[in-house]
Amino acid sequence: MAGNPRGSGKRKKNGGLPHFRNVLVSGDTATDSGLYVLEHNSSTDGTGHQEIFVRKGTKFPACQDCGSSVQFRLLKKMVYIDEDPDFQ
């Protein structure tokens, strides 16, 4: 029997959201600097998602409006200027 493709089903400390490939959640740390899409159903702008720049090593926050866990997916890796060796 193959593993469950939807995750382990175990509750996580992130509010119960399972970890999927390439998806990070509130409380996780960004492993890459870049443009992330923030996905959350309670978004105040009505779209349910927005794009934000996150620097490597930054801890992903919870929703500023409701405090719930949010999902983050890396759209494009980008080098932050302080991480670029040409600007050291």
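Residues numbered from 1 in each chain as written. Predicted model: local features only at pLDDT ≥ 70, side-chain atom pairs only at ≥ 80, totals over all residues. Heavy atoms only, no water.

Asker: How should I be thinking about the pattern of salt bridges in this particular structure?
Answerer: Close approach of charged atoms lets side chains of opposite charge pair. Under the definition given, this model contains two salt bridges. One salt bridge connects lysine 77 with aspartate 32, and the closest N-O pair in it is separated by 3.8 Å. With lysine 77 in strand β4 (residues 71-77) and aspartate 32 in the loop between β1 (23-25) and β2 (34-39), the pair connects residues that are 45 residues apart, well separated along the chain. By relative accessible area, which is 57% here, lysine 77 ends up exposed. You can call aspartate 32 partly exposed: its relative accessible area is 23%. One salt bridge in this structure joins glutamate 39 and arginine 73, with 2.7 Å as the shortest N-O distance. Of this pair, glutamate 39 sits in strand β2 while arginine 73 is found in strand β4, placing the two residues 34 residues apart along the sequence. Judged by relative accessible area, which is 28%, glutamate 39 ranks as partly exposed. Accessibility expressed as a relative area gives 31% for arginine 73, which makes it partly exposed. (Salt bridge = Lys/Arg side-chain N within 4 Å of Asp/Glu carboxyl O. Helix = DSSP H or I, 4+ residues; strand = E, 2+ residues; numbered from the N terminus. Buried < 20%, exposed > 50% of the residue type's maximum accessible area, 1.4 Å probe, protein only.)

Asker: Quick question: what am I supposed to make of the sheet that holds β1 here?
Answerer: Adjacent strands of a sheet form backbone hydrogen bonds with each other and so pair up, either parallel or antiparallel. Strand order in the open sheet formed by four strands is β1-β4-β2-β3, and the pairing between neighbours is antiparallel. Only two strands of the sheet have a single neighbouring strand rather than two, namely β1 and β3 (49-54). The mean angle between the axes of side-by-side strands here comes to 35°, regardless of whether they run parallel or antiparallel. Both β2 and β3 contribute to a ladder of six bridges, which runs antiparallel. When the sheet's bridge partners are listed, leucine 38 is paired in β3 with glutamine 50. (Pairing = 2+ DSSP bridges. Axes fitted to C-alpha atoms, helices over the stretch in contact; angles between N-to-C directions.)

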